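Take a look at the letters that make up each chain.
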There are 2 protein chains.
Amino acid sequence: MNYRMELSEYLSKNKQRIFDELFSLIAIPSVSAKSEHKPDMQKCAKRWQELLKQLGMDRVEVMPTEGNPVVFAEKRVGEAVPTVLIYGHYDVMPVEPLELWNTNPFEAVVKDGKIWARGADDDKGQSLMHAKAVEYLLSDNTLPCNVKFILEGEEEIGSGSLEAFCQANKELLKADVILVSDTSMLGSDMPSITTGLRGLAYWQVEVTGPCRDLHSGIFGGAVANPINELCKLIASMTDEQGRIAVPGFYDDVENVSPDERAAMAQIPFDEEAYKQSLKIEQVQGEKGYSTLERTGIRPTFDVCGIWGGYTGEGAKTVLPSKAYAKLSCRLVPHQDHVQIGLLVKKHLESIAPKSITIDVTPIHGGDSYVCPVDMPWYKAAEAGYTKAFGKKPLPVRRGGSIPVIATFEKVLGIKTVLMGFGLESNAIHSPNENFPVDLYFKGITAIVEFYREVAAQTPVR
Amino acid sequence: MNYRMELSEYLSKNKQRIFDELFSLIAIPSVSAKSEHKPDMQKCAKRWQELLKQLGMDRVEVMPTEGNPVVFAEKRVGEAVPTVLIYGHYDVMPVEPLELWNTNPFEAVVKDGKIWARGADDDKGQSLMHAKAVEYLLSDNTLPCNVKFILEGEEEIGSGSLEAFCQANKELLKADVILVSDTSMLGSDMPSITTGLRGLAYWQVEVTGPCRDLHSGIFGGAVANPINELCKLIASMTDEQGRIAVPGFYDDVENVSPDERAAMAQIPFDEEAYKQSLKIEQVQGEKGYSTLERTGIRPTFDVCGIWGGYTGEGAKTVLPSKAYAKLSCRLVPHQDHVQIGLLVKKHLESIAPKSITIDVTPIHGGDSYVCPVDMPWYKAAEAGYTKAFGKKPLPVRRGGSIPVIATFEKVLGIKTVLMGFGLESNAIHSPNENFPVDLYFKGITAIVEFYREVAAQTPVR
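Residues numbered from 1 in each chain as written. Chains lettered and ligands numbered in written order. Predicted model: local features only at pLDDT ≥ 70, side-chain atom pairs only at ≥ 80, totals over all residues. Heavy atoms only, no water.

A. Spatial organisation of the sheet that holds strand S18 (residues 434–436) of chain A. Residue and element names in this part refer to chain A. Spatial strand order, S4-S5-S18: 3 strands in an open sheet with antiparallel pairing. Edge positions in the open sheet fall to strand S4 (109–111) and S18, since each of these has one partner strand only. Sheet twist, expressed as the mean angle between neighbouring strand axes with direction ignored, is 25°. In this sheet, strand S5 (residues 114–116) lies alongside S4 in antiparallel orientation, the contact comprising 3 bridges. Its bridge partner being in S5, Val110 is matched across the sheet by Ile115. Along the sheet, helix H13 (residues 437–457) contacts S4, S5 and S18; its crossing angle with S18, the most-contacted strand, is approximately 70°. (Pairing = 2+ DSSP bridges. Helix = DSSP H or I, 4+ residues; strand = E, 2+ residues; numbered from the N terminus. Axes fitted to C-alpha atoms, helices over the stretch in contact; angles between N-to-C directions. Contact = heavy atoms within 4.5 Å.)

The structure is reproduced here in structure tokens:
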């Protein structure tokens, strides 16, 4: 039996090495959205493979998919113990606009108590926390579970290859629970665990009026303008109450219990500070719901992009032939993204006037997810956060989507606990992404404490 | 006295030279909307100066303005004769989208009996007709009037400098009538003269939501999306009847008499062919008005351009900070474009929700114009068309705007006759702009016959 080093001592002694390891992952620009970075995806997967081998995993493989490879690793400690599957992703978002970064996004810098780099949080930083927690427990000989890692390289572009990978590797991925650290907390001194994620449906719409761009003087008033018509269609998608005016849209929406809504109302939330940080005078959304409810438990309709006609300098008097938009809905339990995709498509097609043609193409989607807060795995996570932060974490439904979580449940039949340690101020997907150093080590601590809580209920080896 | 060559012989002998001259103007990309073409504006003005000198004008000057220069030319044939002022413009519309052109827009090609190029019609082609008609009459020694030319370089961007130029040069521009060829006829075998033009008001709108682009999952549903809100504002600008829903908008609109509406109903118009040529299933516009009325005597609301958020490939889930649109209204007698500009601005500002900010900037405008059909100058034009086309031209109110025509009346006190020879199929402002060759020479003939009609009533030299 090894000398048992305290976790805090272990982290402090190994701090620089842990940083160096994280920075070596960050240094590989694994931007999945850009095909020029294809070789970097391989490189980053290989680097993860090395790191997982070094910390003592039994089996570590870089496995091919239709797209970017998946890194799989496994450590077995016994037959009678449960298995934890850790999911993360090694791909990152594009870094543009580069001029807004204060430092090189791929050269991590520690300054003002934070790590600054693309991927410092999402998700190289958060994924590595799990590796370092497992490393400590192995060094300490106290890992109470079998552990598997699965790290994908396409999360930021929709996890296109992962469902097929799961279907083809059900046995390999067998586990009792999935842990994911890819979400954020309410604040560094307000720990929280994301217990719900919204789903997503996303369409591209093309509206065609006349077969060519027309002079708005000669034809204007008699020929339908596709931009005007697209705007009318978009405007008609929501009603005066801020509800989505598509028949059947709310049919399957989860009716959140008064108890859970009462609990949500207890979450500390400073609406004035929220408005000030966004420089808006008023929040706006579905009548009868609070801001946290609007982003947590209610579906949305957002136009993510729109374009058509003349968009250059000055005044061109054109009645354009085409107009386009990218429409999206965040979905909530138990809305099915495929069905909603078709519902909205059919609705838009049915209300479009005959003076135009409309083409609605669903281009992306995923279902929502809810983690039951009475599940022992959730309780263990709760205990882990409580030990690390000195406060019981609040369960919070968040508005974002990680479609793969719903896929895990559907394909593998495994529930996920979202042990995220990010902050909204970490600026993921934005310039100057960062992660506070103290939070980084508190996160590792919370994960270690999660396993200790599991150990308290499970015979080890 | 020179040998008197018949006009038809003259045109046929000089056909290639006339083409070469037109093509030399077309070859200069005088796109006024784009500041990169600033040097081309100078170049094109200089080229016009050369051409007008060559044909025998006495005085030809490139005169500076606040913006692009004006080309002025004058030929005096006597004191007792009337003076005709010819107005045209040497600037052209942008050529985008370039991929839809079958040929280089700035390299004129004659094919299938048409000249294909940007400016072949609007307005290099049509302006040059006047120069060539005057050239013939001078060679023939039968020009019965003093003639002045004024060619501006900002018509396609609102003639911003022309009013001040007119104010400063009232004496120089003194004339009995203005001729403008910048409109189209009902058909190549259905000559018509435009007797009315609509006015124009044009705005750029900027809607700002949050101060930065947001993740649509984390914030969507609680923070107003500027694209959604812009679409709602645009949709609310028109009602179920296709009328513009801005209080006061119709207050000054001319009530066209039942007699004139009855006359308009007699204009041959094939709506099926119109729809087929535009590949639309239905026309659309203000209830209670025909297509010709909708484009001729009624105001409109058209969005000429819109943009915001993510417009690239695939699905980016962004709640953008900004959305933009270019809005336009065609106006009719007696709407004042400045007043309408302010009315719409105020209206949009008043209905915008507090969750966003809106900035509405009027960027272009002009008033409508009506030409009295009993004016002798109109009668002379009518006679010119009748000789050239073998049919009396129909007087037609058209939907386009040439704001400067109203300015001429206001500042110089001179009426304009709109001797346009274009066709709707000439695709002005669109890819593959063109002008039928036979129509080009018929147009020159009609102008020459106009002067002969004037001569019949006026002592020459």
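B. Representation of the domain arrangement of chain A within the structure. All names here are of chain A. Examined at the domain level, chain A breaks down into domain 1 (7–197 + 368–457) and domain 2 (199–253 + 299–366). Just the C-alpha atoms count here: the centres of domain 1 and domain 2 sit 37 Å apart. Contact with domain 1, which involves 9 residues of that partner, is made by 9 residues of domain 2. Both faces considered, domain 1 and domain 2 share a buried interface measuring about 600 Å² in area, 58% of it formed by carbon and sulfur atoms. Of all residues in domain 1, Ser368, Ser401 and Pro403 give up the largest surface area on contact with domain 2, accounting jointly for 67% of the area buried on that side. Remark: the boundary between domain 1 and domain 2 carries 0 salt bridges. (Domains from an automatic or database assignment. Buried area = accessible area lost by both parts, 1.4 Å probe. Salt bridge = Lys/Arg side-chain N within 4 Å of Asp/Glu carboxyl O.)

C. Main features of the interface of chain A and chain B. The interface of chain A with chain B comprises 74 residues on the first partner and 83 residues on the second. Interface of chain A and chain B: buried area, both sides summed, is about 6500 Å²; carbon and sulfur atoms make up 55% of it. Of all residues in chain A, the largest losses of buried area upon contact with chain B belong to Leu278, Gln284 and Lys316 of chain A, amounting jointly to 10% of the total for that side. Scanning the region where chain A abuts chain B turns up 37 residue pairs in polar contact (both at pLDDT 80 or more). (Polar contact = N/O pair within 3.5 Å; in protein donor to acceptor, adjacent residues only side chain to side chain.)

D. Representation of the relation of the copies chain A and chain B within the structure. Each copy superposes on the other: chain A lies on chain B with an RMSD of 1.5 Å after a rotation of 179° and an axial shift of 1.5 Å. What the superposition gives is, in effect, a two-fold axis relating one chain to the other. Looking at the interface residues of chain A, 99% of them are also at the interface in chain B, so both copies use one shared face. (Least-squares fit on C-alpha atoms with pLDDT ≥ 70 in both.)

E. Local environment of the pairing of strand S9 (residues 199–208) of chain A. All names here are of chain A. When you tally the buried positions in S9, you get 8 out of 10 residues, the bulk of the element. The pairing of S9 with strand S13 (residues 322–331) spans 10 bridges and is classified as antiparallel. Within S13, the position partnered with Gly199 by the bridge is Leu331. Here S9 runs beside strand S14 (residues 357–366); their pairing, made up of 9 bridges, is antiparallel. For Ala201, the partnering residue across the bridge sits in S14 and is Gly365. (Buried < 20%, exposed > 50% of the residue type's maximum accessible area, 1.4 Å probe, protein only.)

F. Molecular detail of the packing of aromatic side chains. All names here are of chain A. Going through the model one piece at a time under the given rule, you end up with 30 aromatic pairs over all chains. Seen in terms of ring centroids, Phe19 and Phe23 are 5.5 Å apart; in terms of plane orientation they differ by 10°. Their pairing is stacked. In this pair, Phe19 and Phe23 both sit in helix H1 (residues 7–26), 4 residues apart, roughly one turn of the helix. Residues Phe19 and Phe23 agree in their burial class; the two are buried. Ring centres 4.9 Å apart and planes at 20° place the aromatic pair Tyr385 and Phe421 in the stacked group. Of the two residues, Tyr385 is situated in helix H11 (residues 376–389) and Phe421 in the loop between strand S17 (416–418) and S18; the sequence distance between them amounts to 36 residues. Across this residue pair, the class does not change: Tyr385 and Phe421 are buried. (Phe/Tyr/Trp six-rings, centres within 6.5 Å; stacked < 30°, edge-to-face > 60°.)

G. Quick peek at the pairing of S13 of chain A. Residues and elements named next belong to chain A. Counting buried positions over the 10 residues of S13 gives 8, a clear majority of the element. As judged from the 6 bridges shared by strand S11 (residues 302–309) and S13, these two strands associate in the antiparallel manner. If you follow Val303 over to S13, its bridge partner there is Leu327.

H. Up close: the layout of surface pockets. Estimated volume of the second largest pocket: approximately 820 Å³. Glu229 and Lys232 of chain A together with Thr238, Asp239 and Gln284 of chain B are the residues nearest the centre of the second largest pocket, which is lined by 32 residues in total. Among the elements that line the lining of the second largest pocket, the one with the most residues is helix H6 (residues 226–235) of chain A, at 4 residues. Its residues assigned to classes, the lining of the second largest pocket comprises 11 nonpolar, 12 polar and 9 charged. (1 Å grid on protein atoms, 1.4 Å probe; cavity = no way out; pocket = protein on both sides within 12 Å on 5 of 7 lines; lining within 4 Å. Points joined across faces, edges and corners; volume = space filled by probe spheres on them. Nonpolar A, V, L, I, M, F, W, Y, C, P; charged D, E, K, R; others polar.)

I. Structural context of empty space enclosed by the protein. Evaluation of the coordinates by the stated rule reveals 3 cavities of 30 Å³ or more. Here the largest cavity defines a volume of roughly 410 Å³. Forming the walls of the largest cavity are 35 residues, and the residues nearest its centre are His215 of chain A together with Asp182, Ser401, Ile428 and His429 of chain B. Of all the secondary-structure elements, those providing two or more residues to the lining of the largest cavity are strand S10 (214–215) and helix H5 (216–219) of chain A together with strand S8 (192–197) of chain B. Looking at the lining of the largest cavity, its residues break down into 12 nonpolar, 14 polar and 9 charged.

J. Here's a closer look at helix H3 (residues 124–139) of chain A. Compared with the 22 Å implied by 1.5 Å per residue over 16 residues, the 22 Å span of H3 of chain A between its first and last C-alpha is a close match. Burial analysis of H3 of chain A places 15 of its 16 residues in the buried class, the great majority of the element. (Expected span 1.5 Å × (residues − 1).)

K. Just the sheet that holds strand S11 (residues 302–309) of chain B, in detail. As summarised here, the arrangement of the 8 strands in space is S14(A)-S9(A)-S13(A)-S11(A)-S11(B)-S13(B)-S9(B)-S14(B), forming an open sheet in which the pairing is antiparallel. Strand pairing shows two members of the sheet lacking a second neighbour, S14 of chain A together with strand S14 (357–366) of chain B, which therefore form its edges. When the angles between neighbouring strand axes are averaged without regard to direction, this sheet yields 15°.

L. A look at helix H11 (residues 376–389) of chain B. Residues and elements named next belong to chain B. Taking 1.5 Å per residue, 14 residues should reach 20 Å; H11 reaches 20 Å between its end C-alpha atoms and fits that length. Of all the 14 residues making up H11, 10 are buried; the element is thus mostly covered by neighbouring parts of the structure. When H11 is considered as a whole, its buried residues turn out to be Trp377, Tyr378, Ala380, Ala381, Glu382, Ala383, Gly384, Tyr385, Ala388 and Phe389. Positive phi appears at Gly390, one or two residues downstream of H11, with a value of about 75°.

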